[in-house]
Amino acid sequence: MEGETGTEEAAAAPEAEPQPAGRVGVVLVSHSREVAASTAALAEALVGTDDPAPISAAGGLPDGGVGTSAELVRRAVKDVDRGSGVVVLCDMGSAVLTVKALLNDREGGFPAGAEVRIADAPFVEGAVTALVTASAGGDIAAVLAATDDARTYRKL
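Computed from a prediction, not measured in an experiment: that's the story for all the values here. (Residues numbered from 1 in each chain as written. Predicted model: local features only at pLDDT ≥ 70, side-chain atom pairs only at ≥ 80, totals over all residues. Heavy atoms only, no water.)

**Details of the overall build of the protein chain**
Thought 1: When helices and strands are counted, the protein chain shows six helices and four strands.
Thought 2: Secondary structure elements of the protein chain, listed N to C terminal, follow the sequence α-β-α-β-α-β-α-β-α-α.
Thought 3: Within the protein chain, residue pairs in contact and separated by at least 24 positions form 76% of the contacts whose partners lie at least 6 positions apart. (Helix = DSSP H or I, 4+ residues; strand = E, 2+ residues; numbered from the N terminus. Contact = heavy atoms within 4.5 Å.)

This is the structure:
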């Protein structure tokens, strides 16, 4: 009949299948909010698609000062985690130590079930290669391998 809402059809429809995991997420941890955000923007611009993998900048302190915030890092990981893992790139010093501490904290670290890995790579080059590889559908091993290549790439 005209004007029916189709609720009978909806009730008879099979249950939705679980969605496959999304792409690997990338988190950039810097002492500076501006450095993290501009590096994320550069990486997104260089991906060459309107649909890059998820990326989040966790730079500076919550009040905008220079430093590293475990809470901002946790939030960034949660924001980009699509079930395929998260690769974290750090600029230096306490950024690395903060991420390592979160990786070792079984109760207050990263969300349960999240596969989070830290990349040993230069910040800018690693961010670009990580996001390009994740955007192309690479798994976490491929994203980490790409960041490793960025670490060893010689310019001369």
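**Quick notes on a nonpolar patch on the surface**
Thought 1: On the surface, a nonpolar cluster with roughly 240 Å² of combined accessible area is contributed by Leu42, Leu46 and Val124.
Thought 2: One can find Leu46 in helix H2 (residues 33-47). (Patch = residues over 30% accessible without salt bridge, like charges linked within 9 Å, V, L, I, M, F, W, Y side chains within 5 Å. Areas by Shrake-Rupley, 256 points an atom, 1.4 Å probe, with all protein chains shown as cover. Salt bridge = Lys/Arg side-chain N within 4 Å of Asp/Glu carboxyl O.)

**A short note on the environment of Arg74**
Thought 1: The residue Arg74 is located in helix H3 (residues 70-80) in this model.
Thought 2: For the pair formed by Arg74 and Leu102, sequence separation is 28 residues and the distance between their alpha carbons is 8.1 Å.
Thought 3: Those residues in contact with Arg74, other than ones at most four positions away along the chain, are Leu102, Gly108, Gly109 and Phe110.

**A look at the pattern of salt bridges**
Oppositely charged side chains may form a pair once their charged atoms are brought near each other.
Thought 1: One pass over the structure, following the stated rule, counts five salt bridges.
Thought 2: Put simply, Asp51 and Arg23 hold a salt bridge, and the shortest N to O gap is 3.1 Å. On the criterion of sequence distance, the pair formed by Asp51 in the loop between H2 and strand E2 (55-59) and Arg23 in the loop between helix H1 (7-12) and strand E1 (25-30) is long-range, its members being 28 residues apart.
Thought 3: Taking the relative accessible area as the measure of exposure, Arg23 reaches 25% and is therefore partly exposed.
Thought 4: Arg151 is paired through a salt bridge with Asp148; the nearest N and O atoms lie 2.3 Å apart. Here Arg151 pairs with Asp148, and both are found in helix H6 (residues 140-152), just three residues apart, close to one helical turn.
Thought 5: Judged by its relative accessible area of 40%, Arg151 falls in the partly exposed class.
Thought 6: The exposure class assigned to Asp148 is partly exposed, which follows from its relative accessible area of 31%. (Buried < 20%, exposed > 50% of the residue type's maximum accessible area, 1.4 Å probe, protein only.)

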